[in-house]
2 protein chains.
Amino acid sequence: MLGNFSYMNATKLYFGEDSLQYLKDELPKYGPAVQLIYGGGSIKKNGIYDAVVEILKACGKTVVEDGGVMPNPTVEKLREGVKIARDNHTDLLLAVGGGSCCDYAKAVSVAVHCDEDPWEKYFIRFEEPACEIVPVGCILTMAGTGSEMNGGSVITNHEAKLKIGHVFGENVMPKFSILNPKFTYSLPQKQMIAGIYDIFSHICEQYFSGEDDNTSDYLAEGLMKSVIHSSLIALKNPEDYEARSNIMWTATWALNTLIAKGKSTDWMVHMLGQAVGAYTDATHGMTLSAVSLPYYRHIMPCGLAKFKRFAKEVWGVETEGRSDMEIAESGLSALEAWMRQLGLAMKISELGAAEDMIEGMADATFILKGGYKVLDRSEVVQILRECL
Amino acid sequence: MLGNFSYMNATKLYFGEDSLQYLKDELPKYGPAVQLIYGGGSIKKNGIYDAVVEILKACGKTVVEDGGVMPNPTVEKLREGVKIARDNHTDLLLAVGGGSCCDYAKAVSVAVHCDEDPWEKYFIRFEEPACEIVPVGCILTMAGTGSEMNGGSVITNHEAKLKIGHVFGENVMPKFSILNPKFTYSLPQKQMIAGIYDIFSHICEQYFSGEDDNTSDYLAEGLMKSVIHSSLIALKNPEDYEARSNIMWTATWALNTLIAKGKSTDWMVHMLGQAVGAYTDATHGMTLSAVSLPYYRHIMPCGLAKFKRFAKEVWGVETEGRSDMEIAESGLSALEAWMRQLGLAMKISELGAAEDMIEGMADATFILKGGYKVLDRSEVVQILRECL
């Protein structure tokens, strides 16, 4: 049954090869100081940085530099970004990069005018901002996280060995996002496929929960089929515009709240993956791929009807004359075959995890209760061991 | 290939059995004069009118009455609504009803402060509003049109024998919509199934166009499967909350611009149906059902790949050892069987159309060019005759 909920997502999206030009339509809505957020500098090599700065200057903006955002943005970097914003009276946080830059921009946006410690307030106590929020805009260069159209932000605290995500409300969502599929072409293959699996995992997290026949599940299946189809084309030819554009658009809709509406969700793959990430600093999508199959095989008997539906609807598994369990297992085998074809990490040991980290990772794994089976700590340890 | 586009849809939705209570959260955002728009008075019988007025009064609002909106809102009624709004300095247009009331509210919203004739400006010349737009809120009592989350408005001019829809931009979309599936329970069965087919037709109009493999098409297939599934449950038990809630949510997403993004669309079933509606004043969904199959059978050879996909993905038609044409025909036969099971009008003669109207209806049919075959006038006449 569709539960009660509200829905609002007012992020304005500009999508396509020509989308960067619309930045000039958005900029007049904000004051002069634009904090330009980016990562390791790849946007300086591929020309995106110059193109953005040119538009900012043509619109009379002051560019406040905030580069060096790492793949898993840290609490120290967050504090640095807040200082930059305060020192420069930032009017707009403009993230140019992947989900890390968008996530980081949102964390800064709610921290600039906040008197409390943002890590404690937002990522430990999960409170909502009471202060003024600095507006965020995104220019996306990697498809995967969906951060361009949601209120989510994941921050890593290496000292505490914690990687924690907070999904903020609609006020924290980006005001606008610019999605140019061609900006994702220069991404290394490994990052592309990690992003693809991140998308797929977002959909699974919202799909593998609940007993009812929910419109959200039909939409989720459509998104899964689209990303599977396009992933195999992009794997052969990363510059296939149709495939890359469909992947980018699917990423946005996989995690902008729509397909979670009216239903429960799981998110344990992310909890396990984030614990692995806190210990290894590995690419997010690869931590998700490396923990997925042992987790899903563990919970499958408890959500048999949905895993059977997944096999039939998403993977076209033959059902005639076979038991529900056989069908469900074939679905997960089909998922595994696709993952191996993409070249995803299938073991956390590939990411630098080792036996002596298992207990610590288990401690860092938040146990959520929305999935088909509520794990206890011993099951978390068992699953992480199976992932080694 | 995903084309270039922008997307923004900022309508706040409150969904569920308890959603009316959130009206009080929205009202403080607007001035005191609320123009209460409704239809033939069914909301006075089922208690919704009293519940809404009670909330309006508790929030200190002045209620400006604007009842009697007909199923196909007329240009005369539009002029009456504009006068009511001007005389009472309306601050919020609150539509309580189905798509007709929402459509009408949007037409009034762009006409109140407009110096020109709204019929000529918006429905003949298809111009965008340059004036202030009065905000619109919706409380939905019928699922189907999707008007609760889009900028569309259809107005009928009986004198000119024209029924014309204009899809306005994002500024004309409702500010908020309240969707309570239980408010749709009191609808007569015929209206419920007409609404269900309206939903399905909206999806088809956006699906049957284009050659590429587009994420929008995967989403469209998901929505189609969801509405087919729920329709058969609601047919047996109109008070099945799960089915009615999924139908309501599917209706919203079938026509809020999402599944048209990055692709071409058709809309000829609506052009034909609206011409029939202008001559017969029949229920919108029934005009669509009565023209669909002759139209789709006519264009099918020109869009064979998509009609084959429709057969396989939406209806699960067996494909092995069969030609594309046979598969596509089986898909349309499956559609026809479902339509007959629902009890939809399958002929325009059932709706009061007769041979002597055919030429006039053909004149009233706008020929659009996004579908798999651009019709000429003689084909429109031929299809309308086949619908008799």
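Residues numbered from 1 in each chain as written. Chains lettered and ligands numbered in written order. Predicted model: local features only at pLDDT ≥ 70, side-chain atom pairs only at ≥ 80, totals over all residues. Heavy atoms only, no water.

*Asks:* Got a sec to walk through the pattern of salt bridges? Specific residues and values, please.
*Replies:* Residues and elements named next belong to chain A. One pass over the structure, following the stated rule, counts 48 salt bridges over all chains. In this structure, Arg-297 engages Glu-336 in a salt bridge whose closest nitrogen and oxygen atoms are separated by 2.8 Å. Here Arg-297, found in helix H11 (residues 284-299), pairs with Glu-336, found in helix H13 (residues 324-342); they are 39 residues apart in sequence, far enough to count as distant. On the basis of relative accessible area, Arg-297 is assigned to the partly exposed category, the value being 38%. (Salt bridge = Lys/Arg side-chain N within 4 Å of Asp/Glu carboxyl O. Helix = DSSP H or I, 4+ residues; strand = E, 2+ residues; numbered from the N terminus. Buried < 20%, exposed > 50% of the residue type's maximum accessible area, 1.4 Å probe, protein only.)

*Asks:* Account for H11(A), with residues named and values stated.
*Replies:* With 16 residues, H11(A) extends 22 Å from end C-alpha to end C-alpha; this agrees with the ideal 22 Å at 1.5 Å per step. When you tally the buried positions in H11(A), you get 15 out of 16 residues, the bulk of the element. (Expected span 1.5 Å × (residues − 1).)

*Asks:* Would you mind going over the interface of chain A and chain B in detail, with residue names and values included?
*Replies:* In this complex, chain A contributes 41 residues to the contact, which on the side of chain B involves 42 residues. At the boundary of chain A with chain B, total buried surface from both sides reaches about 3800 Å², with 59% on carbon and sulfur atoms. When the buried surface of chain A facing chain B is broken down by residue, A:Tyr7, A:Tyr218 and A:Trp249 rank first, second and third, together holding 16% of it. At the surface where chain A touches chain B, the tally comes to four salt bridges. A salt bridge links A:Glu313 to B:Lys225; the nearest nitrogen and oxygen atoms lie 2.8 Å apart. At the junction of chain A and chain B, the tally comes to 22 residue pairs in polar contact (both at pLDDT 80 or more). (Contact = heavy atoms within 4.5 Å. Buried area = accessible area lost by both parts, 1.4 Å probe. Polar contact = N/O pair within 3.5 Å; in protein donor to acceptor, adjacent residues only side chain to side chain.)

*Asks:* Please set out a nonpolar patch on the surface residue by residue, giving values where relevant.
*Replies:* All names here are of chain A. Nonpolar side chains collect at one region of the surface, where Phe-126, Phe-366 and Leu-368 lie side by side and expose about 240 Å² of accessible area between them. The residue Phe-126 is located in the loop between helix H6 (118-124) and strand S5 (136-140) in this model. For Phe-126, a relative accessible area of 38% puts it in the partly exposed group. (Patch = residues over 30% accessible without salt bridge, like charges linked within 9 Å, V, L, I, M, F, W, Y side chains within 5 Å. Areas by Shrake-Rupley, 256 points an atom, 1.4 Å probe, with all protein chains shown as cover.)

*Asks:* A description of the relation of the copies chain A and chain B should follow, citing residues and the corresponding values.
*Replies:* Rotating chain A by 180° and moving it 0.0 Å along the rotation axis overlays it on chain B with an RMSD of 0.0 Å. Here the symmetry operator amounts to a two-fold rotation axis. Judged by C-alpha distance, A:Ala10 is the residue of chain A that lies nearest the rotation axis, at 2.2 Å. Both copies present the same face, since 100% of the interface residues in chain A are matched by interface residues at the equivalent positions in chain B. (Least-squares fit on C-alpha atoms with pLDDT ≥ 70 in both.)

*Asks:* Any details on the environment of B:Glu120? Residues and values, ideally.
*Replies:* Tracing the backbone shows B:Glu120 in helix H6 (residues 118-124). Taking C-alpha positions, B:Glu120 is 17 Å from B:Ala278, a pair spaced 158 residues apart along the chain.

*Asks:* Quick one: what's the story with the pairing of strand S4 (residues 92-97) of chain B, residue by residue and with numbers?
*Replies:* All names here are of chain B. In terms of burial, S4 is a largely internal element, six of the six residues being buried. Side chains Leu-92, Leu-94 and Val-96 project from S4 onto one buried face, and the interleaved Leu-93, Ala-95 and Gly-97 project onto a second face that is buried too. Note that strand S2 (residues 33-37) and S4 share four bridges and pair parallel. For Ile-37, the partnering residue across the bridge sits in S4 and is Ala-95. Two elements, S4 and strand S5 (residues 136-140), share five bridges in a ladder whose sense is parallel. Pairing of Gly-97 across the sheet is with Leu-140, part of S5. (Pairing = 2+ DSSP bridges.)

*Asks:* Describe the pairing of strand S1 (residues 5-15) of chain B, with residues and values.
*Replies:* Most of S1(B) sits out of view: eight of its eleven residues are buried. When strand S1 (residues 5-15) of chain A meets S1(B), the two strands line up antiparallel, connected through seven bridges. Bridge pairing in S1(B) places A:Phe5 opposite B:Phe15. Alignment of S1(B) against strand S8 (residues 176-179) of chain B, held across four bridges, turns out to be parallel. Paired with B:Lys12 across the two strands is B:Phe176, which belongs to S8(B).

*Asks:* Can you explain the sheet that holds strand S3 (residues 62-66) of chain A? Please cite residues and give values.
*Replies:* The twelve strands lie next to each other as S3(A)-S2(A)-S4(A)-S5(A)-S8(A)-S1(A)-S1(B)-S8(B)-S5(B)-S4(B)-S2(B)-S3(B), forming an open sheet whose pairing is mixed. With partners counted over all chains shown, the strands left at the sheet margins are S3 of chain A together with strand S3 (62-66) of chain B, one partner each. Each strand of the sheet is rotated relative to its neighbour by a mean of 25°, with strand direction disregarded. This element, helix H3 (residues 48-58) of chain A, spans strand S2 (33-37), S3, strand S4 (92-97) and S5 of chain A of the sheet and lies at about 175° to S2(A). (Axes fitted to C-alpha atoms, helices over the stretch in contact; angles between N-to-C directions.)

*Asks:* Can you break down the packing of helix H7 (residues 189-207) of chain B against helix H9 (residues 241-254) of chain B residue by residue, with the values?
*Replies:* Residue and element names in this part refer to chain B. Axis separation between H7 and H9 bottoms out at 9 Å; the angle between their running directions is 40°. When you trace H7 past H9, the crossing you get is left-handed. Counted together, Met-192, Ile-196, Ile-199, His-202, Ile-203 and Gln-206 of H7 and Arg-244, Ile-247, Thr-250, Ala-251 and Ala-254 of H9 form the full contact between these two elements. In the contact of H7 with H9, the residues fall into seven nonpolar, three polar and one charged. (Left-handed = near helix turned anticlockwise from the far one by under 90°. Nonpolar A, V, L, I, M, F, W, Y, C, P; charged D, E, K, R; others polar.)

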